[in-house]
Amino acid sequence: MGSAVDAKDAPSRLLKVAAAQVGAVHRWSDRADTLNRLIRLLEEAAQTGALLVLFPELALTTFFPRYFIADENELASFFEHGEDVTGSKNTKKLFQRAHELGVDICVGYAERTTDGHSYNTCVYYSARLQRVITKYRKSHLPGTQEPCKDPGAINQLEKRYFEEGQEGFRAFRVPGLVDGALKKSLSIDGDASSEGRGDPIVGMLICNDRRWSEAWRVYGLQGTELILCGYNTTAWAPHLHGKHNQSKEQSKADAYFHHKLVMQSNSYTNSCFSICAARCGLDDDEFPLIGGSCIIGPDGRIIAEAQTEDDEVVFAEIDLAACRPGKQTVGDPSLMWRDPEC
Ligand code: CDV
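Residues numbered from 1 in each chain as written. Predicted model: local features only at pLDDT ≥ 70, side-chain atom pairs only at ≥ 80, totals over all residues. Heavy atoms only, no water.

Draft legend 1. Local environment of the packing of helix α5 (residues 213-220) against helix α7 (residues 248-269). Packing of α5 against α7 brings their axes to within 10 Å, and their N-to-C directions diverge by 30°. Here α5 lies roughly parallel to α7, going by the angle between them. Where α5 crosses over α7, the two elements pack in a sense that is right-handed. Of the residues in α7, those touching α5 at S213, W216 and R217 are V262, M263, N266, S267 and T269. Of the residues in the contact of α5 with α7, the class split is three nonpolar, four polar and one charged. (Axes fitted to C-alpha atoms, helices over the stretch in contact; angles between N-to-C directions. Helix = DSSP H or I, 4+ residues; strand = E, 2+ residues; numbered from the N terminus. Parallel < 35°, antiparallel > 145°, perpendicular 65-115°, else oblique. Left-handed = near helix turned anticlockwise from the far one by under 90°. Contact = heavy atoms within 4.5 Å. Nonpolar A, V, L, I, M, F, W, Y, C, P; charged D, E, K, R; others polar.)

Below, the structure written as structure tokens:
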């Protein structure tokens with residue numbers, strides 16, 4: 001299959017985006033206070049002109065899977081319940097503000113369905129459409145089902161509290177972000193001349209998913225131009241990593257290194273932009289999480305990066321046209337283009 005548009009002639013498709021990095025959230029933090037912090041970050045991002053803001057994995061609470069929580073009521077308090085996450089008292093103000101500001105958001109939370117299933121989930125909310133366009137449930141759950149026998153261990157009990165998402169990696173188009181984007185109704189389907197000229201093609205990952213290349217590749221094969229990935233990455237968990245002799249400094253340096261390694265290399269090999277947003281800092285004044293929120297280009301280079309391990313907005317203007325050479329001329333176009341559903 002040939003392409004009517006040379007990669008070098010692909011029209012600019014500019015988009016202002018931001019990662020909203022969130023610093024320490026404690027087990028005792030008030031949910032309303034945490035939500036207000038997210039809203040402040042959203043407002044700051046909107047002031048820079050961002051039309052899309054990514055929040056971290058489990059952005060609304062502390063990273064509770066580090067604890068063995070026997071009390072069902074306490075455990076339930078970390079979850080959003082039911083189908084409509086935008087209507088919960090713990091979240092409503094954030095989605096309302098996103099609508100008022102005209103800014104799309106992707107935000108992670110713990111989901112408990114009406115029939116009692118639990119997932120580590122994120123949603124993409126379109127401010128223009130005033131609704132969630134799509135939901136993603138984390139596929140690669142790290143850690144263990146049972147807590148470590150060592151009472152001093154830092155646990156990672158995601159396999160205890162969540163089920164694996166079974167929906168796979170479904171790319172989606174986002175309307176209203178890029179001026180002049182061609183629409184499906186303008187015969188984008190099967191028309192090579194429309195490649196790289198439609199609404200942005202987006203995919204979502206959650207934390208540990210970013211370490212597994214098949215997740216990226218499935219998105220890459222759907223023509224994904226922008227990956228969104230929120231995370232909570234511990235800087236120190238010797239039992240999890242099996243590195244009991246490592247210093248805290250070395251452990252943290254490794255965590256940063258591997259985080260950037262996978263984000264940069266997979267952005268490059270799929271010729272897509274990526275945004276990643278950390279929950280970071282010293283949760284409960286005790287448990288360190290790395291920062292490193294950043295925006296990466298399709299050449300694998302970091303465009304913008306957090307400077308702190310606290311609440312911070314990382315902003316960039318990106319041009320989705322920069323994805324075309326890697327997808328079209330370096331990559332194999334017959335494999336690389338699939339037009340996902342809107
Ligand atoms: N929340 C996570 O998925 N954390 C993992 C850690 C446990 C390795 C991560 O990939 O950062």
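Draft legend 2. Just helix α1 (residues 31-47), in detail. Along its 17 residues, α1 runs 25 Å from first to last C-alpha, staying within 8% of the 24 Å computed at 1.5 Å per residue. In this structure, the buried residues of α1 make contact with β1 (14-21), β2 (52-54), β3 (79-81), α3 (92-101), β4 (104-112) and β15 (312-319). Positioned one or two residues after α1, G49 has a phi angle of 100°, which is positive. (Expected span 1.5 Å × (residues − 1).)

Draft legend 3. Representation of the pattern of salt bridges. For the structure on display, the rule yields 20 salt bridges. One salt bridge connects E225 with R13, and the closest N-O pair in it is separated by 2.7 Å. Of this pair, E225 sits in the loop between α5 and β9 (226-231) while R13 sits in the segment before β1, placing them 212 residues apart in sequence. Take E225: its relative accessible area is 1%, and that puts it in the buried class. On the basis of relative accessible area, R13 is assigned to the buried category, the value being 4%. Because the salt bridges share partners, they merge into one network encompassing E83, E111, K135, R137 and E167. (Salt bridge = Lys/Arg side-chain N within 4 Å of Asp/Glu carboxyl O. Buried < 20%, exposed > 50% of the residue type's maximum accessible area, 1.4 Å probe, protein only.)

Draft legend 4. Structural view of the environment of T91. With respect to the secondary-structure elements, T91 resides in the loop between β3 and α3. Separated by 56 residues in the primary sequence, T91 and L35 have C-alpha atoms spaced 7.0 Å apart. Apart from residues no more than four positions distant in its own chain, T91 is found in contact with L35, L60, E80, V85 and T86. At 2.4 Å, the side chain of T91 and the backbone oxygen of V85 are in polar contact. (Polar contact = N/O pair within 3.5 Å; in protein donor to acceptor, adjacent residues only side chain to side chain.)

Draft legend 5. Layout of the site of the ligand. The local shell around the ligand holds 13 residues, among which K138, C207, N208, R211 and T233 are the closest. Between K138 and the ligand, the recorded distance is 2.7 Å, taken from a side-chain N or O atom to an oxygen atom. Here N232 contributes a backbone N or O atom positioned 3.1 Å from a nitrogen atom of the ligand. Relative to its unbound accessible area of 320 Å², the ligand is 96% covered by the protein chains. (Near = heavy atom within 4 Å. Areas by Shrake-Rupley, 256 points an atom, 1.4 Å probe, with all protein chains shown as cover.)

Draft legend 6. Layout of the nonpolar core. The biggest cluster of nonpolar side chains holds 52 residues, and the ones touching the most others in it are Y124, M204, L226, L228 and I318. Core analysis: the next-biggest nonpolar cluster, separate from the first, contains 27 residues, A20, V25, A59 and A98 among them. (Core = buried A, V, L, I, M, F, W, Y, C linked by side-chain atoms within 4.5 Å.)

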